[in-house]
Each structure stands twice: as C-alpha cells, then as structure tokens.
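Summary of the model geometry
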Amino acid sequence: MPHSFNRVSTIAALDIGSSKVCCVIAKVGRDNRINVVGYGYNASKGIKNGIVTDINKATLSVCNAVEAAEQMANERIDRVIVNIAGDKIRSVVKNSSIPLNKNRAVNENDLTKVIEKGIHKINVEGCELIHCLPTNYRLDGGENIKDPRNIFGETLSVDILLGLVPDIMFRNVSTVIENAHLEIAGKAFSSYASGMACLVDDEKELGATVIDMGGGTTSIACFQHGFPVYFSSLPVGGNNVTNDIAYGLTTSFSHAERLKTLHGCAFLSSQDKEETINVYPVGEEDDSCIKQIPRAELISIITPRIEETFEIVNRKLAEVGLRDISSHRVVLTGGASQLSGVREVASMVLDKQVRLGHPKNILNLPDSLYDPSFSTCIG
C-alpha cells in the first residue's frame, strides 16, 4: 500500500523480529533516492515466533533500537513503517470487474473504480488488513495486463491480493509501538519487504519465491508478472535449530548458538566424520569437562530441521499451484539463511534455482546493513 512520505524528507523502518529488533532511518532526496543516515539494533526480548509475548520487554527492545538509530542520525522520529510476522499471516485473492465505456480508453478513474469495488466486497472481520495490492488486470476476460490505461475494452477486471493477520496479533504489535511513543505510518509483511529489498525486476516478472528465514519464523512471498501473488509463514526458524542442538548435545542455548555459527552446516560431507568439535555440557564451564564429538554429530542434528522447513514450504507452494512452475526461482534471505549449506538443501528439496538474497535496491547502503538479516528493514 502506498505510504504518505512524499511530502517529508525523513522515513524510518522498524523490523521487530524474534531474534533482533532493527530500526533504520533514511533521508529521501528530491530525486526520490533514499540515503540511510542512522540505524540501530539489539537482541529482541518478549517476542517469540514473530508474536509479542511480553509487551514491556518488547517495548524496551524497540526503544533501544530506535534510540541507537536516532543517535546515529542525530534526529528524532515519531513515525515508522513496521513489519508484521508470525505464523498466522495469510493471503487471499479477490476479483473485481466493472463495465467500461466502449467509446473511450481505460483511464485512471476506471482503475480506481474497479479497485474500490473490490475493496467493498472484502470482509476482514477478526483480521487486520496489512496489504491490499492490485495485481493482474484483464480486459474482456483476456490475458493479464500490467497497465490497461489507454486501451479500449468492454469490461475491466483486477485481482486484488489481500494480506491478513489476526486482529489480536496486530493489536499487540500496535501496543508495543504506542508504548514506545511512535505511530505506525505503514505496515508490511516481512517477506514482502524482503522481496522489495532483494529481488531484481526480472525475478519478479519471471516468478520468484522469497523465503525469509528469521529466528522464530520463516516467511514466504511469491511474485509473478511483477506482482506479489501469495503470502504465508511457518513457525520455524534459526532458533529452532539452536534449540535442537542444545537438547541434542545437552549444552546451553548460548553455546548451541555458537556451535551453529562456527561449525554448523545443513548437509553432511565425508570429512565431517573426521573433524571433531568441543562441546561444553550444560551447567559446566570448566575446560576439564569439555567433551569432543565428531562434527558430523552436530550436522546430523541440524540437517533434519532444515530439510523439514523446506518440505513445509514445498507443501504450501503446492497448495496454491506455485511449486511446479519451471521459471520460478527461490531467493533465500534472513539471518538463518546464512547457515552453511542451506542454499544447497533448499535447491535439492524445492527442485529450484536458489540464490542468497542481500538488500540491494538502495544505493550507498552501509556495509553493515548489506546482510540478509537486514533485508526486511531495508525493504
């Protein structure tokens, strides 16, 4: 949905994630170019699987990230575009049609009229409407048209993609934002924002699925013919891998995260059986208590969780007829996508071309933000 930032020079984005909260402040020049002037982030508290579980802790996490960004930018902000995540997000496509005046070509008023008619048909009871995006236009029931203006026809149709989230879930996010003395200037699903940051125009046109692998959730956004056509999410992310390691090796969560980062991989190779790694048993920090295990044991814990994640994604794509499109490629992003071997496992399970997506659609981006874990905030 369009944001009302065309008359102001400062914009701010807030990514409230399960593992970190990030705020980015940018200036918009007269040429509409965006220049990042400040950013801040910290570990998130009070958020699990993309859902607010503790209002006070979540508010503190937001305040800390915003304050750090404000200090760097030397500017106060009071409005933010915020991401919406969690495993309850969903999308629905609604169709709308209107008759046309055959004596003149389609104009802007016709586009507004057909969209408004579609919106009036929408019942979002119990849900918050996050996205309402016109996608494919058609004239007289023919092929999809990106822009039907200046073309003659008898009827104009449009598909409208709705992005929905349970009202109660959004209300908790709104409360956190209000408690941080901020207003919501705009909202977007994490995967949609990541797609805006990472995809090139050809990928949006030919077909691409963005899989944003966060700490607590994995979000999905599918694009075709230049438009998003599907949103979904699942309650699995990098934190689940860390938990599996902690339980499987009987070690602390902090040490499990370190093992995942330093030695983790999503698939097993022959040399992993020869290499050994050190593991501290939970509650033991004395070096004399270290136990050594083959790296293969660590990988054997990680691999099933990564494979399961992509198998669930595959099933969701199959449900909406997007799994078997040959031109469709996959772009992985998000912090959990950086685990070694994830790209190869995704390619094998999804049977698609897969690449790792970095934020790329803003010029002169600071090096520290050119990272998959910042895709949502930059998008």
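A few points on the structure. Quick caveat: nothing in here was measured; it's all calculated off a predicted structure. (Residues numbered from 1 in each chain as written. Predicted model: local features only at pLDDT ≥ 70, side-chain atom pairs only at ≥ 80, totals over all residues. Heavy atoms only, no water.)

Within the fold, Ile 122 resides in the loop between helix 2 (108-120) and strand 8 (127-139). Those residues in contact with Ile 122 that lie beyond four places of it in its chain are Lys 94, Cys 132 and Leu 162. (Helix = DSSP H or I, 4+ residues; strand = E, 2+ residues; numbered from the N terminus. Contact = heavy atoms within 4.5 Å.)

On to the side chain of Thr 209, then. Mapping Thr 209 onto the fold places it in strand 12 (residues 208-213). Here Thr 209 falls in the buried class, since its relative accessible area comes to 0%. At a separation of 3.0 Å, a polar atom in the side chain of Thr 209 contacts the side chain of His 328. Those residues in contact with Thr 209 that sit more than four places away from it in its chain are Ile 220, Ala 221, Cys 222, Leu 317, His 328, Arg 329, Val 330 and Val 331. (Buried < 20%, exposed > 50% of the residue type's maximum accessible area, 1.4 Å probe, protein only. Polar contact = N/O pair within 3.5 Å; in protein donor to acceptor, adjacent residues only side chain to side chain.)

Before going further, it helps to spend a moment on the pattern of salt bridges. With the rule as written, the count across this model stands at 17 salt bridges. Across the pair Arg 149 and Asp 147 runs a salt bridge, and its minimum N-O distance is 2.8 Å. Asp 147 gets classed as partly exposed once you look at its relative accessible area, which sits at 37%. Here Glu 203 and Arg 329 are joined by a salt bridge, their closest N and O atoms 3.5 Å apart. With a gap of 126 residues between them, Glu 203 in helix 5 (residues 201-206) and Arg 329 in strand 17 (residues 329-333) connect regions that are remote in the sequence. The buried category is assigned to Glu 203, whose relative accessible area is 5%. For Arg 329, a relative accessible area of 24% translates into the label partly exposed. Salt bridges sharing partners connect three or more residues here, namely Glu 108, Asp 147 and Arg 149. (Salt bridge = Lys/Arg side-chain N within 4 Å of Asp/Glu carboxyl O.)

The next subject is unusual backbone geometry. Positive phi values are uncommon outside glycine, yet His 181 reaches one of about 60 degrees. Along the polypeptide, His 181 turns up in the loop between helix 3 (167-179) and strand 11 (183-189). In this structure, Thr 250 takes a positive phi of about 50 degrees despite not being glycine. Thr 250 gets classed as partly exposed once you look at its relative accessible area, which sits at 46%.

According to the stated counting rule, one finds five aromatic pairs in the structure shown. Look at Phe 189 and Phe 231: their rings are 5.3 Å apart centre to centre, the planes differ by 80 degrees, and that puts the pair in the edge-to-face class. Linking Phe 189 in strand 11 with Phe 231 in strand 14 (residues 227-234), this pair joins segments that are 42 residues apart in sequence. Residue Phe 189 shares its accessibility class with Phe 231, and that shared class is buried. Taking 6.4 Å as the distance between ring centres and 10 degrees as the angle between the ring planes, the aromatic pair formed by Tyr 192 and Phe 223 counts as stacked. Separated by 31 residues along the polypeptide, Tyr 192 in helix 4 (residues 190-198) and Phe 223 in strand 13 (residues 218-224) bring together distant segments of the chain. Of the two residues, Tyr 192 and Phe 223, both sit in the buried class. One Lys or Arg, Lys 20, reaches over the ring of Phe 374 and ends 5.2 Å from the middle of that ring. (Phe/Tyr/Trp six-rings, centres within 6.5 Å; stacked < 30°, edge-to-face > 60°. Lys NZ or Arg CZ within 6 Å of the ring centre and 35° of its normal.)

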